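Working through the structure, step by step
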Amino acid sequence: MADLETYIERLHQGRLAEEGREELAEAQEMIETVFLGLRMAAGIDLAAFAERFGRLLEERAAAAIEPLVAAGYLRLTPERLAPTVKGMRLHNSISSQITNAL
């Protein structure tokens with residue numbers, strides 16, 4: 001918002017108080033989902049990822065995920081892909097490896 005008064009006025013009118021909106025391509029949305037999901041201890045809900053994108057993350061990025069699981073950086077269950085404590089410290093590198101495999 002350019003100014004606080006406009007922001008407050010829009011809120012009082014029940015309108016969205018946003019100046020703009022960024023539209024992401026599906027590939028960018030997948031990348032964002034991986035990066036944001038792996039920042040949390042709970043990780044990525046694999047069923048939600050598949051429903052949203054029509055792709056199985058664990059299969060599509062298996063070449064990147066499997067070595068990270070074997071090295072102890074990620075935990076893969078049928079429900080979730082999540083970072084371990086060791087993996088949380090290398091979040092950006094791990095997320096980049098997975099998104100490059102997409």
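Only a predicted model underlies this, so the values are computations on that prediction, with no experimental measurement involved.

The next point concerns the packing of helix α2 (residues 26–37) against helix α7 (residues 91–101). Running from N to C, α2 and α7 point in directions that differ by 150°, and their axes come no closer than 9 Å. What the angle tells us is that α2 and α7 run roughly antiparallel. In the packing of α2 onto α7, the handedness of the crossing is right-handed. Contacts from Ile31, Val34 and Phe35 in α2 reach His91, Asn92, Ser95, Ser96, Ile98 and Thr99 in α7. For the contact of α2 with α7, the class distribution of residues is four nonpolar, five polar and no charged.

Attention now goes to the nonpolar core. Counting residues in hydrophobic clusters, the biggest one holds 16 residues, and the most contacted among them are Val34, Leu38, Phe49, Leu57, Leu74, Leu81 and Ile98. Breaking this core down by element, the ones donating at least two residues are α2, α3 (46–53), α5 (62–70) and α7. Excluding anything up to four places from it in sequence, Ile98 contacts Val34, Leu38, Leu57, Ala61, Ala64, Ile65, Leu68, Leu74 and Leu81.

Moving on, we come to the sheet that holds strand β1 (residues 44–45). Taking strand neighbours across the sheet as the criterion, the three strands line up as β1-β3-β2 in an open arrangement whose pairing is antiparallel. Each of the sheet's edge strands pairs with one partner strand only, and the pair in question is β1 and β2 (74–76). Strand direction decides the pairing type here: β1 and strand β3 (residues 80–83), joined by two bridges, are antiparallel. Residue Asp45 lies in a different strand from β3, and its bridge partner there is Arg80.

It is worth spelling out α2 at this point. Between the first and last C-alpha of α2 there are 16 Å, a value that for 12 residues agrees with the 16 Å anticipated at 1.5 Å per step. Turning to α2, its buried residues number three or more, namely Met30, Thr33, Val34, Phe35 and Gly37. Tucked inside the fold, the buried residues of α2 contact β1, α3, α4 (57–60) and α7.

Rules and cut-offs
- Residues numbered from 1 in each chain as written.
- Predicted model: local features only at pLDDT ≥ 70, side-chain atom pairs only at ≥ 80, totals over all residues.
- Heavy atoms only, no water.
- Axes fitted to C-alpha atoms, helices over the stretch in contact; angles between N-to-C directions.
- Helix = DSSP H or I, 4+ residues; strand = E, 2+ residues; numbered from the N terminus.
- Parallel < 35°, antiparallel > 145°, perpendicular 65-115°, else oblique.
- Left-handed = near helix turned anticlockwise from the far one by under 90°.
- Contact = heavy atoms within 4.5 Å.
- Nonpolar A, V, L, I, M, F, W, Y, C, P; charged D, E, K, R; others polar.
- Core = buried A, V, L, I, M, F, W, Y, C linked by side-chain atoms within 4.5 Å.
- Buried < 20%, exposed > 50% of the residue type's maximum accessible area, 1.4 Å probe, protein only.
- Pairing = 2+ DSSP bridges.
- Expected span 1.5 Å × (residues − 1).

Just geometry here; none of it tells us what the structure is for.
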